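Chain by chain, the residues run as shown.
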Amino acid sequence: REENGVGDAAGMIVFAKDEYHVFADPCRWESTTPITVRTVDEFVAALAAQPSRDASEPVDITIDGYTGKAITLHIPDDADYSECDENAFGTWDCGDPGAPLPCGFTDSPDETSVEYILDVEGALVAWHTDYRAGTPANVVAELETLVLSATFGE
């Protein structure tokens, strides 16, 4: 939603897989070879190494007794999406064939994404949350609460 030109959108997706593909260059995600990751540490290291993302230091997380990491990724203010594949930054791919954009993508320089990666009995559970500069703090906090309150049943 936009009010007075300031977007306040927020969103979240979650997947569980044995491996993911992190784009070596988030602007050239269609035309560069992605990095295959199979562990939490590999996933976070590949995200932190993406150029033009201004990644935070990863932080340790525990959700429902399982350990993992979270990392915050920023988009540079001067990002020119018209120079990027499909006019978007591609963060990581979840292997959805035929999808027009990767599962983890951003398309506005005022977006911040937080990637939560957890090892749940050998499966990588990954959450991609994102929000815009105008998103109210309570909405951003609610996204984090939703992720950190996840449970894994039998």
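What this report covers is the structure whose coordinates are included nearby. (Residues numbered from 1 in each chain as written. Predicted model: local features only at pLDDT ≥ 70, side-chain atom pairs only at ≥ 80, totals over all residues. Heavy atoms only, no water.)

**With respect to the state of the cysteines**
Here comes step 1: Considering all chains together, one arrives at one disulfide under this definition.
Here comes step 2: Each disulfide pairs two cysteine sulfurs, and for Cys27 the partner residue is Cys84, the sulfurs being separated by 2.1 Å. Between Cys27 and Cys84, the S-S dihedral sits near -105°, and the bridge is therefore left-handed. With Cys27 in the loop between β4 (20-22) and β5 (35-37) and Cys84 in the loop between β7 (66-74) and β8 (89-93), the pair connects residues that are 57 residues apart, well separated along the chain.
Here comes step 3: For Cys84, a relative accessible area of 6% puts it in the buried group. (Disulfide = S-S within 2.5 Å. Helix = DSSP H or I, 4+ residues; strand = E, 2+ residues; numbered from the N terminus. Buried < 20%, exposed > 50% of the residue type's maximum accessible area, 1.4 Å probe, protein only.)

**What about unusual backbone geometry?**
Backbone geometry follows two general trends: most residues other than glycine have a negative phi, and most peptide bonds adopt the trans configuration.
Here comes step 1: Residues other than glycine seldom take positive phi values, yet Asp54 does so here, at roughly 50°.
Here comes step 2: By secondary structure assignment, the location of Asp54 is in the loop between α1 (40-49) and β6 (59-63).
Here comes step 3: Classification of Asp54 by relative accessible area gives exposed; the value is 59%.
Here comes step 4: If you check the backbone angles, Glu86 has positive phi at about 55° while not being a glycine.
Here comes step 5: By the element assignment, Glu86 lies in the loop between β7 and β8.

**Looking at a negative patch on the surface**
Here comes step 1: Negative charge collects at one region of the surface, where Asp77, Asp78, Asp80 and Glu83 lie side by side.
Here comes step 2: By the element assignment, Asp77 lies in the loop between β7 and β8.
Here comes step 3: The class of Asp77 is exposed, set by a relative accessible area of 74%. (Patch = residues over 30% accessible without salt bridge, like charges linked within 9 Å, V, L, I, M, F, W, Y side chains within 5 Å. Areas by Shrake-Rupley, 256 points an atom, 1.4 Å probe, with all protein chains shown as cover. Salt bridge = Lys/Arg side-chain N within 4 Å of Asp/Glu carboxyl O. Lys, Arg positive; Asp, Glu negative; His and termini not counted. Charge placed at Lys NZ, Arg CZ, Asp CG, Glu CD.)

**Let's talk about the environment of Ala70**
Here comes step 1: Looking at the element boundaries, Ala70 is found in strand β7.
Here comes step 2: Given a relative accessible area of 6%, Ala70 falls into the buried group.
Here comes step 3: Contact partners of Ala70, with chain neighbours within four places excluded, come to Glu57, Pro58, Val59, Ile61, Glu115 and Tyr116. (Contact = heavy atoms within 4.5 Å.)

**What to know about the side chain of Thr112**
Here comes step 1: Structurally, Thr112 can be placed in strand β10 (residues 111-120).
Here comes step 2: We classify Thr112 as buried; its relative accessible area is 11%.
Here comes step 3: Among the polar contacts made by the side chain of Thr112, one reaches the side chain of His74 at a distance of 3.5 Å.
Here comes step 4: Not counting residues within four places of it along the chain, the set of residues in contact with Thr112 comprises Thr72, Leu73, His74, Thr129, Asp130 and Tyr131. (Polar contact = N/O pair within 3.5 Å; in protein donor to acceptor, adjacent residues only side chain to side chain.)

**Observations concerning the pattern of salt bridges**
Here comes step 1: Inspection of every chain in the model, using the stated rule, returns four salt bridges.
Here comes step 2: The closest approach of N and O atoms between Arg38 and Glu19, which form a salt bridge, is 2.9 Å. Taken together, the residues span a long stretch of sequence, with Arg38 in the loop between β5 and α1 and Glu19 in the loop between β3 (10-17) and β4 at a distance of 19 residues.
Here comes step 3: Overall, the relative accessible area of 26% leaves Glu19 in the partly exposed class.
Here comes step 4: As a salt-bridge pair, Arg132 and Glu111 come within 3.9 Å of each other at their nearest N and O atoms. Residue Arg132 is found in strand β11 (residues 123-132), and its partner Glu111 is found in strand β10; the two are separated by 21 residues along the sequence.

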